[in-house]
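# Coordinate analysis (summary)
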Amino acid sequence: QAYAEFKASIGAFCGMGLPWPSLLSLPVIQFLFLLALVTFARTDAKCDLEVPPRPKQQETLKVMKRDWVSHELVSEVAAILLEDVLMYDVVRHQPESGPLDDLKALSLDQADANFEVWQGGKEKELHTWVDNGHATITGGHSMLAEDGIYTLRHTIERFPEAEFYQYLQSPQLQWVFASSSFQKGEAESDPSHLCASPAWNCTDFIWQPPLCRNGTMRCLGQVLHDYPHYSQGVIEQQIANNGLPLSTVYLTRLSKQIAIWNAWASKKDILVKHHYPSEGVDGVPRSAFVPIQFSPKRYGCNATETATPEGGFSCRLEAKRLLKVASPRFMDSGDARYFAQRFSLNSDDYDRLFDLWRHYDGDAYSAACSWLKEKGSLKWGSWIRFSKQVRFIREFPPVDGCFPTFYFFMIAALTVAFVHQVLPSCFRACKGWCTRSKSDNPNWEPTDLSDIQRRMNDRANYTLPDFTSKLVACRSSSFVEVKMALLRGSMGFMSFFRDEEDFCYDPGKAMLPPRASSCFRQYFQTSLQVLVYILTSGLAHIAVSALIFALATGMVGALLAEVRATMEKNKQVDPLLQVEDWYTTWLSKMQTITVLMDDFKFLPTFFITYMIGQDVSRWLQWLQIMFKVQGRLHDVALVVASSYRKVNDPTIGKEQRQMLFKWYRYINAIHYMGYFKLAPSIGTSAEGVLQDLRTVGLLRDAECQQLQFATAKLRDTLVSWLGQLWHEELERGWVQSLDSDVFMRKICELRGVLAQLSDMQDMQISQMVRVMMVVVTNILLGLALIGYPTKMYEQTTECFQFWPLVASYLYFICYRGMLHVMFILDKGPFYAKGDCVNIDALLVSTERFVFHVFRTSFRSSEKQLQFALK
């Protein structure tokens with residue numbers, strides 16, 4: 001019907017074009033419709049008992065479901081609890097054989113459980129498959145099952161003697177019950193084909209006792225029986241062994257109920273095989289059924305029940321408990337066994353289930369689900385014990401719970417790390433490969449000033465300018481001019497050629513040395529300048545690293561939240577089940593890490609405080625020595641300048657000016673070489689620095705060749721040249737002998753501060769102490785990575801928590817940031833991404849000082865003539 005409506009609706013929607021009825025008959029369309037219908041039915045069939053999420057048992061159970069109503073209801077109740085509460089995969093197994101074979105099937109693991117086993121006629125099977133087999137009786141329901149031959153109450157009211165079986169032998173009652181007899185039974189009522197067997201020997205699905213078949217008596221009365229495998233052979237034995245001239249007609253359940261209702265409505269007399277618990281007959285009250293009384297077992301009748309009409313049973317059918325029988329495999333499953341042993345229904349439960357079954361028009365599943373919801377866990381909660389713990393990882397890869405949050409933090413951390421660390425390195429390598437120049441050739445020598453600038457830029461490129469610095473430099477270069485000068489390797493000191501003729505010009509005609517590429521050091525005072533410094537310094541790197549650390553903390557926090565959620569789920573699964581698992585152990589260890597982290601803070605804090613103080617002192621000492629070098633050079637320049645008295649003499653003035661230019665070259669060359677192997681732009685190659693100085697005119701070719709034999713002591717050799725030059729000039733009488741003592745003392749001091757400047761690289765804090773400090777600080781951060789989320793997540797199971805991430809970010813900034821500051825200070829004032837200074841400002845300042853001091857006594861030729869005439 002649903003499929004027909006589906007075809008009609010599609011045809012109405014697309015009421016033109018193709019012949020839809022024929023198109024919809026295609027197998028593909030039919031399959032898709034049935035698939036959608038089955039999917040909807042399976043989705044809708046879920047019985048929501050408000051049970052918290054639980055792990056699947058990963059085990060399939062086959063629950064027997066017979067076709068009588070009470071069995072259907074009981075089986076559905078059990079199946080729903082096993083499937084939706086105990087999380088088994090349940091299959092409703094509907095056997096093709098009769099109920100007599102159920103115990104055999106359970107014993108052989110062909111099915112797993114039968115929660116309503118009627119004992120009538122099964123004594124042999126119980127002995128064979130339970131007592132001597134592998135099936136197990138797990139208990140019974142809290143009520144007694146009744147079965148037998150019944151009549152209606154109005155018959156008893158008219159014929160009170162009809163309540164006892166002896167009176168059924170009288171001709172009068174035979175004719176009374178003959179009025180409702182059937183001429184033949186129904187083939188549908190005998191799916192097991194028992195009627196065709198010799199034990200039954202039915203005619204038109206009507207069984208007659210031997211006394212009627214052999215003609216001794218006529219069987220006028222008739223018992224309406226449903227399927228012959230219900231209470232198989234027991235009713236027939238009662239009739240035959242008590243000599244009752246009654247036949248048994250086998251009808252379907254519906255036909256039997258119609259016959260009962262008609263007899264009740266018309267007040268006719270009828271005999272029926274009836275049982276309880278039963279859904280009864282719609283419209284006929286339960287009290288209308290009156291059992292026919294047979295002799296009790298203790299009065300000597302045969303009470304042995306067999307499964308064929310040929311047995312000797314003749315007693316009253318005693319009320320017996322409905323059994324629950326399970327297979328060996330079912331009993332091996334602990335939670336299922338616990339349920340089977342405690343699952344029990346009473347008569348009120350059965351009656352309510354039957355009412356709901358009628359309310360849902362015979363839908364056993366809906367009736368069972370509604371009854372479970374109505375009773376709630378107060379009724380069935382005691383039947384349940386869920387011992388299967390909720391696993392932390394329920395599938396691989398895990399995609400539920402807090403794991404999506406974990407993946408988000410992990411991907412974010414890896415992305416930030418890749419963009420911050422790997423990508424710049426790749427760009428740097430590609431740029432270096434693509435911009436190879438002739439400077440890569442070791443035999444290449446600079447020939448002009450532009451070659452020197454490219455060479456110095458290549459030397460400084462070991463530290464690339466970051467994007468923020470470039471951006472700020474484009475908008476406002478004054479904020480980062482010192483840093484950009486170091487990163488680009490630009491030096492005003494090396495941007496022009498020193499010409500002797502130009503130096504010897506009269507005042508006002510010589511070229512003044514150009515300005516430096518930037519100031520010596522920048523100071524940040526406003527909030528904007530401080531922000532720019534943070535963004536363009538190594539602290540920005542720490543900020544990004546702290547973000548990665550915070551994201552990693554989020555990963556740990558997500559896992560921690562998932563563990564806590566798993567514990568809560570396990571508590572909800574079964575609060576009484578106290579099992580020491582790894583979750584509890586893991587959380588206790590995490591708490592221990594938190595305590596350890598709090599106790600461990602002192603040592604890294606002490607180390608960092610001490611080491612920062614030492615590095616700050618060392619960094620300031622760098623500046624002090626640099627200023628001392630400049631001061632000693634100024635002193636030497638003053639002594640030399642004051643010793644030359646005849647720079648304006650017409651005879652030797654030009655030669656003395658030329659000698660002052662030589663002093664000028666040597667002093668500036670010494671100052672430049674003072675930062676050899678210290679400043680990145682100057683480099684570490686002795687040949688390279690000599691080539692640079694020759695190109696800018698501070699050294700001659702012969703001097704460079706001479707210095708190549710003293711590459712290990714370039715500075716000291718040049719300082720010694722100053723002494724030699726002084727004594728040469730002293731012998732010529734061009735300098736004053738009175739200044740010799742002062743001069744020699746000053747150049748000795750100069751040599752000392754130059755050596756001190758060179759040795760500052762080796763004046764570092766003990767590496768053992770430094771390494772130990774880094775180790776203990778990283779240990780603290782490692783403990784914080786695990787322990788800090790534990791501390792912050794203590795009272796919550798949320799996957800994402802904002803404040804723990806902020807706290808972890810600041811925690812990393814505080815400790816790792818101070819480590820970074822220490823590393824930056826340890827690199828000295830020449831590292832461009834730290835608190836740097838530009839030596840170009842010192843070099844240019846000294847050169848200008850020497851330029852002006854040496855030329856301060858120069859007079860123009862016109863003034864010299866006027867002085868001579870005067």
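Use the structure listed above.
Residues numbered from 1 in each chain as written. Predicted model: local features only at pLDDT ≥ 70, side-chain atom pairs only at ≥ 80, totals over all residues. Heavy atoms only, no water.

Before going further, it helps to spend a moment on the overall build of the chain. If you tally the helices and strands in the chain, you get 34 helices and 10 strands. Counting the 870 residues in the chain, one finds 49% classified as buried. When contacts within the chain are restricted to residue pairs at least 6 apart in sequence, long-range pairs at least 24 apart make up 79% of them. Accessible area of the chain: about 42300 Å², with a carbon and sulfur share of 58%. (Helix = DSSP H or I, 4+ residues; strand = E, 2+ residues; numbered from the N terminus. Buried < 20%, exposed > 50% of the residue type's maximum accessible area, 1.4 Å probe, protein only. Contact = heavy atoms within 4.5 Å. Areas by Shrake-Rupley, 256 points an atom, 1.4 Å probe, with all protein chains shown as cover.)

What follows deals with the packing of helix α14 (residues 347-359) against helix α15 (residues 364-375). Here α14 crosses α15 at 130 degrees, and the two axes come no closer than 8 Å. It follows that α14 is oblique to α15 by the angle criterion. The handedness of the crossing between α14 and α15 is right-handed. Taken together, the residues of α15 that come into contact with α14 (itself represented by D349, R352, L353, L356 and W357) are A364, A367, A368, S370, W371, E374 and K375. (Axes fitted to C-alpha atoms, helices over the stretch in contact; angles between N-to-C directions. Parallel < 35°, antiparallel > 145°, perpendicular 65-115°, else oblique. Left-handed = near helix turned anticlockwise from the far one by under 90°.)

So, on to the pairing of strand β7 (residues 246-250). Counting buried residues along β7, five of its five residues qualify, which places the element largely inside the surrounding structure. Sheet topology note: the strand β5 (residues 206-207)/β7 ladder contains two bridges and is antiparallel. When the bridges of β7 are listed, W207 appears paired with T248. Where strand β6 (residues 221-225) meets β7, five bridges bridge the pair, whose relative direction is parallel. The partner of H225 across the bridge, within β7, is Y250. (Pairing = 2+ DSSP bridges.)

Before going further, it helps to examine the packing of helix α26 (residues 653-673) against helix α27 (residues 686-695). Direction vectors running N to C along α26 and α27 enclose 145 degrees, while the axes themselves pass 11 Å from each other. Between α26 and α27 the crossing geometry is right-handed. Residue-level contacts link A669, Y672 and M673 of α26 to V689, L690, D692 and L693 of α27. The residue inventory of the contact of α26 with α27, partitioned by class, reads six nonpolar, no polar and one charged. (Nonpolar A, V, L, I, M, F, W, Y, C, P; charged D, E, K, R; others polar.)

On to the state of the cysteines. Per the counting criterion, the structure on display carries four disulfides. In this model C47 forms its disulfide with C369; the gap between the sulfur atoms is 2.0 Å. Negative torsions about the S-S bond denote left-handed disulfides, and the value of about 90 degrees found for C47 with C369 makes this one right-handed. With C47 in the loop between α3 (27-44) and β1 (60-64) and C369 in helix α15, this pair connects stretches of sequence that are 322 residues apart. (Disulfide = S-S within 2.5 Å.)

Going through the model one piece at a time under the given rule, you end up with 30 salt bridges. Residue E703 pairs with R665 through a salt bridge whose shortest N-O separation is 3.0 Å. With E703 in helix α28 (residues 701-707) and R665 in helix α26, this pair connects stretches of sequence that are 38 residues apart. Exposure class is identical for E703 and R665. Each is buried. Put simply, E729 and R732 hold a salt bridge, and the shortest N to O gap is 3.4 Å. In this pair, E729 and R732 are both assigned in helix α29 (residues 714-732), three residues apart and thus about one turn of the helix distant. (Salt bridge = Lys/Arg side-chain N within 4 Å of Asp/Glu carboxyl O.)

With respect to the helices and strands, the residue H274 is situated in strand β8 (residues 271-276). Owing to a relative accessible area of 11%, H274 belongs among the buried residues under this scheme. H274 has contacts with E146, D147, G148, Y150, K256 and F289, leaving out every residue within four places of it along the chain.

What follows is about a nonpolar patch on the surface. Among the surface-exposed residues, V771, M772, V775 and I779 lie close enough to one another that they form a single nonpolar patch of about 330 Å² accessible area. Along the chain, the position of V775 falls in helix α31 (residues 767-792). (Patch = residues over 30% accessible without salt bridge, like charges linked within 9 Å, V, L, I, M, F, W, Y side chains within 5 Å.)

Turning our eyes to something else, we now look at the pairing of β1. Judged from the five bridges that link them, β1 and strand β2 (residues 89-93) form a sheet pairing that is parallel. Residue pairing in the sheet places T60 in a bridge with D89 of β2. Handedness of the β1-helix α4 (residues 69-85)-β2 crossover: right-handed. (Right-handed = clockwise from strand over helix to strand, strands pointing away.)

For the structure on display, the rule yields 31 aromatic pairs. Aromatic pair F403 and Y407: ring centres 6.4 Å apart, planes at 35 degrees, arrangement tilted. Of this pair, F403 and Y407 both sit in helix α17 (residues 403-434), four residues apart, roughly one helical turn. Look at Y407 and you get partly exposed, because its relative accessible area is 24%. Centroid distance F409 to F800: 5.7 Å. Interplanar angle 15 degrees. Geometry classified as stacked. (Phe/Tyr/Trp six-rings, centres within 6.5 Å; stacked < 30°, edge-to-face > 60°.)

Turning next to α4. Think of an α-helix as turning once every 3.6 residues; residues three or four places apart then point the same way. Between the first and last C-alpha of α4 there are 23 Å, a value that for 17 residues agrees with the 24 Å anticipated at 1.5 Å per step. Counting buried residues in α4 gives 16 out of 17 residues, a clear majority hidden from the surface. (Expected span 1.5 Å × (residues − 1).)

We now examine the environment of E123. Assignment of secondary structure puts E123 in helix α6 (residues 123-131). Separated by 182 residues in the primary sequence, E123 and E305 have C-alpha atoms spaced 6.6 Å apart.

Turning to its location among the elements, F408 is positioned in helix α17. Relative accessible area serves as the criterion here: at 53%, F408 is assigned to the exposed category. Taking the C-alpha atoms as reference, F408 lies 9.2 Å from G554; in sequence the two are 146 residues apart.

So, on to helix α13 (residues 334-342). Among the residues of α13, D335, A336, F339 and A340 are the ones counted as buried. Here the buried residues of α13 occupy an arc of 135 degrees about the axis, which is enough to place them on one side. The inward-facing, buried residues of α13 contact β1, α4, β3 (113-117), β4 (136-152), β10 (320-326) and α12 (328-332). (Arc of directions from axis to C-beta.)

Before going further, it helps to spend a moment on the side chain of H671. Within the secondary structure layout, H671 lies in helix α26. Of note is the side chain of H671, whose polar atom sits 3.3 Å from the side chain of T846. Contacts of H671, omitting those with residues within four sequence positions, involve V629, Q630, L633, L842, L843 and T846. (Polar contact = N/O pair within 3.5 Å; in protein donor to acceptor, adjacent residues only side chain to side chain.)

So, on to unusual backbone geometry. For residues that are not glycine, phi is negative in most cases, and the peptide bond is trans in most cases. Along the chain, Y276 connects to P277 via a cis peptide bond; the corresponding omega equals 15 degrees. Structurally, P277 can be placed in the loop between β8 and β9 (289-291). For D204, which is not glycine, the phi torsion reads 55 degrees and is therefore positive. Relative to the assigned elements, D204 resides in the loop between α8 (171-178) and β5. Its relative accessible area of 46% is what places D204 among the partly exposed residues. For K267, which is not glycine, the phi torsion reads 60 degrees and is therefore positive. Tracing the sequence through the fold places K267 in the loop between α11 (253-266) and β8.

Take it as geometry only, folks, not as evidence of what the structure does.
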